[in-house]
Amino acid sequence: MARGKLRIYLGAAPGVGKTYAMLSEAHRRVERGTDCVVAFLEHHRRPRTEVMLRGLEQVPRKEIEYRDSTFTEMDVDAVLARRPQVALVDELAHTNVPGSRNAKRWQDVEELLAAGIDVISTVNIQHLESLGDVVESITGVRQRETVPDEVVRRADQIELVDMSPEALRRRMAHGNIYKPDKVDAALSNYFRPGNLTALRELALLWVADRVDAYLTEYRAEHRVSTIWGSRERIVVGLTGGPEGRTLIRRAARLAEKGAGGEVLAVYISRSDGLTSASPKELAVQRTLVEDLGGTFHHVVGDDISNALLDFARGVNATQIVLGVSRRKGWQYVFGPGVGATVARESGPDLDVHLITHDEAGKGRGLPAPGRGARLGRARLIWGWLTGLGGPLLLTWLLSSLVPEVGLANDMLLFLTMTVAAALLGGLFPALASAVAGSLLLNWYFTPPVHTWTIADPKNIVAIAVFFGVAVSVASVVDLAARRTHQAARLRAESEILSFLAGNVLRGETTLEALLDRVRETFGMESAALLERESDIAPWTCAGSVGPRPCTTPDDADVDVPVGDHMSLALSGRVLAAEDRRVLAAFAAQAAVVLDRQRLQQKADEAKELAEGNRIRTALLAAVSHDLRTPLAGIKAAVTSLRSDDVEWSPQDQADLLEAIEEGADRLDHLVGNLLDMSRLQTGTVTPIIRETDLDEVIPMALGGVPEDSVDLDVPETLPMVDVDRGLLERSVANVVENAVKYSPPGERVLVSASAIADRVEVRVVDRGPGVPDEAKSRIFEPFQRYGDSPRGAGVGLGLAVARGFAEAIGGTLNAEDTPGGGLTMVLTLPTAPGRRPEEPERVATA
């Protein structure tokens, strides 16, 4: 059984008109023929609400005895037994009286939805569970009745019922909300202008976030890559340097200038884990952007510019804020820099701001490969300068300016220089400083001077101790740098694995995308996931990326087993042991992705089989009944004509022949639709796409309807469309025939076409009974007839075939309400990339 749909009217405070709006919607649906009942509603003796209840069926409430008192609650069993199409349930956050079927009313609503009953309900913003603390800080009142946010978010429709604080207070003063004896207290407490304004802002922001989530989902489903500037979103590119704080504050000021502005700070790290960003500085910047109401994001990518632009387009950003490069002038020989590249590649939809800061042009140390990368390039340079130049400078000072300070002091000074070299440059600069210092001490300061001979054995011990201390200090500093590098690498690895694991769990990563990430992360030429059925069976490739992927694990430079009969094989270079540890986690995730994809394929196949069985069952039902009726009519007419017992007049013969012709036409139409649906279900529709002019196709599609039943409005200036002419004609013909069938006598169907952006819309407008919103998707399913159409009206394949043909040629077919009553079918077609017809000259008229 299909789950019912939930529609919620959300308000900022009591009295804004949620219940009134709900009742108005109920009257509209009842007039349209929908079975709608009031399951539970509190009118609070408001005259206008009581008036709106007239004409609506109300399900009797259930009486419950509690503490010597009688209370009434919604009778869930009675509503389920009545089984209406739509049930009105007021006050979604209400807590039921103890002894009721469920503790909360929203749980009652869940039961109705599970039974296939559509529900219309109401709730105020202060009753959302996540906003309880915020509402209490504004109004000073803690809401005891709450509803989980997820229940409201899952609603199919959320409509905001808005009213200004001044208008709401006037309604209160006029006695339209509370009794007169409670008006003054309410106006001076909960209904103060400041409270109502804050609650109104909460409601508007909550609904705006819901709309934003829907827009993101729509863009993802329809693969919209262009940026829609519906809301100012500012992406701040961070490097981990101190200038990031300036950029975040500037972006926050830009966001304040636009309504609903949002700041998203993003830091992009390299996939190999080598980064010069300070974790402490990134933590400070994360806190800063969150304090300013923004969000912080960590993205992995080797190409900083492309990763930043992909992120900005993915979140539908409108602006990017970057800092002026910290590189010195000579460093631009290696490339234009991230800022210039992003500005060049951003396109017309993204504005790029380059912000000056105090660190601009001061240079930026880039990590070099190898052991020295642990300390950074600047520290390496200063370490070598100190380790080699420091002893020479110290020798000159002690020989020329301050001679005769004593050998012990000379050694302490040289040891200080070696320690400084170790602290700056690590092991090798310190070793060089120790060797140079030992030689200079021996030559210049150890008697006899200017010879390599050492006269006093104590001096030999002193120089040896000096050398040993220098090497020890250098080793400690190098070990600390190594541990720091390992910690940074492990942190980067954990972030990458966490990111990938999250994508896998959410089903956002395909096997090829994961293998490509593995290849890029470890700098390999190719990556392949191999598997075999047994130990002696040959290896087969489940997925691969890169040129010349390995066909067996023996051909790979690196292979990681996954279970007994699966292996991840990479070619390009041999990896270190620490990389293999991370690679094993990637291999396990690749196996999980492969299993998930195969399970999804099996589920899709099972769904197709089930759909095929349903179609075949429906075909048999159609053949057994809908085809039998015209055949029976034809046979009866033919038998009558051939009968010798009755002498038919010419008029009678003409009527019988007309009946035969009508039956044959119905058979031809039914069989045609059945064959078309069979082709669509088996996937044998092969469109021939070419440039087509609509005014050549649409008139031909109207041959099956009476001449005076359709008005045609297809301008000659429309662009050409890329379609299959035959499939387009069949699709339009089925839609028009359906519209003519349901149009009232004397009402003509309008078929019009217009160009919108890169597409053309064909609209078929009728003035028939229309279709409710909840039924608009079902009318395109095979063997579905709307309303109480008799069996002889067809097998319900016309619109299903029309949509199938429209999708086969790259278009869409959807249903909309016709203003003033009726149904409008909108057929959207892609325009041809070639030349468009010239538009006629437009003349302005007063």
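Note that the structure is predicted; figures quoted are calculated from it, not measured.

Concerning a positive patch on the surface
Step number 1: A contiguous patch of positive charge on the surface is contributed by R249, R250, R253 and K257.
Step number 2: When you line up the elements, R253 lands in helix α10 (residues 244–257).

Focus: the packing of aromatic side chains
Step number 1: Under the definition given, this model contains 2 aromatic pairs.
Step number 2: Ring plane angle 55 degrees and centroid distance 6.4 Å describe the contact between Y66 and F71, whose orientation is recorded as tilted.
Step number 3: In this structure, R61 is placed above the aromatic ring of F40, and the distance from its NZ or CZ to the ring centre is 4.2 Å.
Step number 4: Taking the ring centre of F780 as reference, the NZ or CZ of R803 above it sits at 3.9 Å.

Re the pairing of strand β12 (residues 319–323)
Step number 1: Burial within β12 is extensive, with 4 of its 5 residues counted as buried.
Step number 2: Where strand β9 (residues 233–238) lies against β12, 3 bridges are found, and the strand directions are parallel. Paired with V235 across the two strands is I320, which belongs to β12.
Step number 3: Here 5 bridges tie β12 to strand β13 (residues 351–355), and the two strands are oriented parallel to one another. Its bridge partner lying in β13, V321 is registered against H353.

Examining the packing of helix α15 (residues 407–425) against helix α16 (residues 427–445)
Step number 1: One can describe the packing of α15 onto α16 by two numbers: an axis separation of 7 Å at closest approach and a directional angle of 165 degrees. Considered as vectors, α15 and α16 are oriented roughly antiparallel to each other. For the pair α15 and α16, the crossing hand works out as right-handed. Where α15 abuts α16, its residues L407, D410, M411, F414, M417, T418, A421, A422 and G425 lie against L427, P429, A430, S433, A434, G437, L440, L441 and F445.
Step number 2: Partitioning the contact of α15 with α16 into residue classes produces 13 nonpolar, 4 polar and 1 charged.

Re the sheet that holds β13
Step number 1: Read across the sheet, 5 strands follow the order β11-β10-β9-β12-β13 without closing on themselves; strand pairing throughout is parallel. Looking at which strands have only one partner, the edges of the open sheet turn out to be β11 (295–300) and β13. For this sheet the average axis-to-axis angle between neighbouring strands, irrespective of direction, equals 25 degrees.
Step number 2: On the sheet, α10 packs against β9, β10 (262–269), β12 and β13 and is oriented at approximately 175 degrees with respect to β9.
Step number 3: The sheet strands contacting helix α12 (residues 304–314) are β9, β10, β11 and β12, and the helix crosses β10 at an angle near 150 degrees.

Description of the pattern of salt bridges
A side chain of one charge can pair with a side chain of the opposite charge when the charged atoms of the two come close.
Step number 1: Summed over the entire model, instances satisfying the criterion amount to 25 salt bridges.
Step number 2: Residue E25 is joined to R7 by a salt bridge in which the shortest nitrogen-to-oxygen separation is 3.2 Å. Here R7 lies in strand β1 (residues 6–11) and E25 lies in helix α1 (residues 18–31), a separation of 18 residues in the sequence.
Step number 3: Judged by relative accessible area, which is 7%, E25 ranks as buried.
Step number 4: With its nearest N and O atoms 2.8 Å apart, the salt bridge here joins D35 to R82. Of this pair, D35 sits in the loop between α1 and β2 (36–40) while R82 sits in helix α3 (residues 76–82), and the two are 47 residues apart along the sequence.

Considering the environment of V405
Step number 1: Within the element layout of this structure, V405 appears in the loop between α14 (377–401) and α15.
Step number 2: We classify V405 as partly exposed; its relative accessible area is 31%.
Step number 3: In this structure, the C-alpha to C-alpha distance between V405 and F445, residues 40 residues apart in sequence, is 10.0 Å.
Step number 4: Contact partners of V405, with chain neighbours within four places excluded, come to L398 and D410.

Comments concerning α15
Step number 1: Here α15 spans 27 Å end to end across 19 residues, near enough to the 27 Å set by a 1.5 Å rise per residue.
Step number 2: Those residues of α15 not exposed but buried are L407, D410, M411, F414, L415, T418, A421, A422 and G425. End-on, the buried residues of α15 take up no more than an arc of 130 degrees, which puts them together on one face. Looking at α15, the residues exposed on the side facing more than 90 degrees away from the buried face are A408, L412 and T416.

Overview of a negative patch on the surface
Step number 1: A surface patch of like charges, here negative, comprises D652, D655, E658, E661, E662, D665 and D668.
Step number 2: Tracing the chain through its elements places E662 in helix α21 (residues 650–682).

What to know about the sheet that holds β2
Step number 1: Across the sheet, 6 strands lie side by side as β3-β2-β6-β7-β1-β8; this open sheet has parallel pairing. Every interior strand has two partners, whereas the edge strands, β3 (57–58) and β8 (157–161), have only one.
Step number 2: As paired elements, β2 and strand β6 (residues 86–89) share 4 bridges and run parallel to each other. Looking across to β6, one finds that F40 is bridged to V89.
Step number 3: Relative to strand β7 (residues 118–124), α1 is tilted by about 165 degrees, and along the sheet it contacts β1, β2, β6, β7 and β8.
Step number 4: In this fold helix α4 (residues 105–114) packs onto β1, β2, β6 and β7, with an angle of close to 180 degrees to the strand it touches most, β6.

Remarks on the confidence of the model for the chain
Step number 1: When pLDDT is averaged along the chain, the result is 79; 79% of the residues meet or exceed 70.
Step number 2: Confidence scores differ between elements of the chain, with helix α17 (residues 457–505) showing the lowest mean pLDDT of 69 and β6 the highest of 95.
Step number 3: Here residues 361–374 is modelled with pLDDT under 50, and outside its nearest four sequence neighbours on either side it reaches 26 contacts, counting other chains as well.
Step number 4: Between residues 835–846, whose pLDDT stays under 50, and residues either more than four places distant or in other chains, the model counts 13 contacts.

Describing unusual backbone geometry
Step number 1: Residue R83 is not a glycine yet carries a positive backbone phi of 50 degrees.
Step number 2: Within the secondary structure, R83 is located in the loop between α3 and β6.
Step number 3: For R548, which is not glycine, the phi dihedral falls at a positive 50 degrees.
Step number 4: With respect to the helices and strands, the residue R548 is situated in the loop between β15 (540–545) and β16 (558–561).
Step number 5: On the basis of relative accessible area, R548 is assigned to the exposed category, the value being 66%.

Overview of the environment of M825
Step number 1: With respect to the helices, strands and loops of the structure, M825 is situated in strand β24 (residues 823–830).
Step number 2: A sequence separation of 89 residues divides M825 from V736, and the C-alpha atoms of the two residues are 9.0 Å apart.
Step number 3: Ignoring anything within four residues of it in the chain, the contact list for M825 reads V735, V762, R763, V764, I779, F780, L799, L813, N814 and A815.

Observations concerning the environment of H450
Step number 1: Among the secondary structure elements, H450 is positioned in the loop between α16 and α17.
Step number 2: Classification of H450 by relative accessible area gives partly exposed; the value is 47%.
Step number 3: Between the C-alpha atom of H450 and that of L440, which follows or precedes it by 10 residues, the distance is 9.5 Å.
Step number 4: Setting aside residues up to four positions removed in sequence, H450 forms contacts with W443 and Y444.

Some thoughts on the packing of α12 against helix α13 (residues 338–345)
Step number 1: Between α12 and α13, the shortest axis-to-axis distance is 9 Å and the interhelical angle comes to 45 degrees. Relative to α13, the element α12 lies oblique. Regarding α12 and α13, the two cross each other, and that crossing is right-handed. Residue-level inspection shows I304, S305, L308, L309 and R313 of α12 in contact with α13, the latter providing V338, T341, V342 and E345.
Step number 2: For the contact of α12 with α13, a count of residues per class yields 5 nonpolar, 2 polar and 2 charged.

Definitions and limits used
- All residue numbers refer to position in the chain's written sequence, counted from 1.
- Totals for whole chains, interfaces and linings use every residue, but because this is a predicted model, local features are given only for residues with pLDDT of at least 70 and side-chain atom pairs only at 80 or more, for both listing and counting.
- The basis for every side-chain value is the complete set of non-hydrogen atoms in the structure, without hydrogens or water.
- Residues enter a patch when their relative accessible area is above 30% and they make no salt bridge; the linking distance is 9 Å between like charges and 5 Å between nonpolar side chains (Val, Leu, Ile, Met, Phe, Trp, Tyr).
- A 1.4 Å probe and the Shrake-Rupley method give the accessible areas. Residues count as covered only by the protein chains that appear here.
- Criterion for a salt bridge: a side-chain nitrogen of Lys or Arg within 4 Å of a carboxyl oxygen of Asp or Glu.
- We score Asp and Glu as negative and Lys and Arg as positive, and we do not count His or the chain ends.
- Every charge is mapped onto a representative atom, which is NZ of Lys, CZ of Arg, CG of Asp or CD of Glu.
- Only DSSP runs of H or I covering at least 4 residues are called helices, and only runs of E covering at least 2 are called strands; the numbering of each starts at the N terminus.
- For this analysis, a ring pair means two rings from Phe, Tyr or Trp (six-membered ring only for Trp) whose centres lie within 6.5 Å, classed as stacked if their planes differ by under 30 degrees, edge-to-face if by over 60, and tilted for the remaining angles.
- Geometrically, a charge over a ring is one whose NZ (Lys) or CZ (Arg) sits within 6 Å of the ring centre while staying within 35 degrees of the ring normal.
- Note on exposure labels: buried denotes an accessible area under 20% of the residue type's maximum, exposed denotes more than 50%, and partly exposed covers the range between, all computed with a 1.4 Å probe on protein chains only.
- At least two DSSP bridges between two strands are required for those strands to pair.
- To get an axis, fit a line to the C-alpha atoms, keeping to the stretch in contact for a helix; angles then go from 0 to 180 degrees between the N-to-C directions.
- Throughout this description, any angle smaller than 35 degrees is read as roughly parallel, any larger than 145 degrees as roughly antiparallel, any in the 65 to 115 degree range as roughly perpendicular, and the remainder as oblique.
- Left-handed describes a crossing in which the near helix is turned anticlockwise from the far one by less than a right angle; the clockwise case is right-handed.
- Residue contacts are defined here by distance: any two heavy atoms, one from each residue, within 4.5 Å place the two residues in contact.
- Just so you know the grouping, Ala, Val, Leu, Ile, Met, Phe, Trp, Tyr, Cys and Pro go in nonpolar, Asp, Glu, Lys and Arg go in charged, and all remaining residues, Gly too, go in polar.
- Helix span, as expected, comes to 1.5 Å for every residue beyond the first.
- This arc is built from the directions going out from the helix axis to the C-beta atoms.
- A residue's pLDDT is the predictor's confidence in that residue, given on a scale from 0 to 100.

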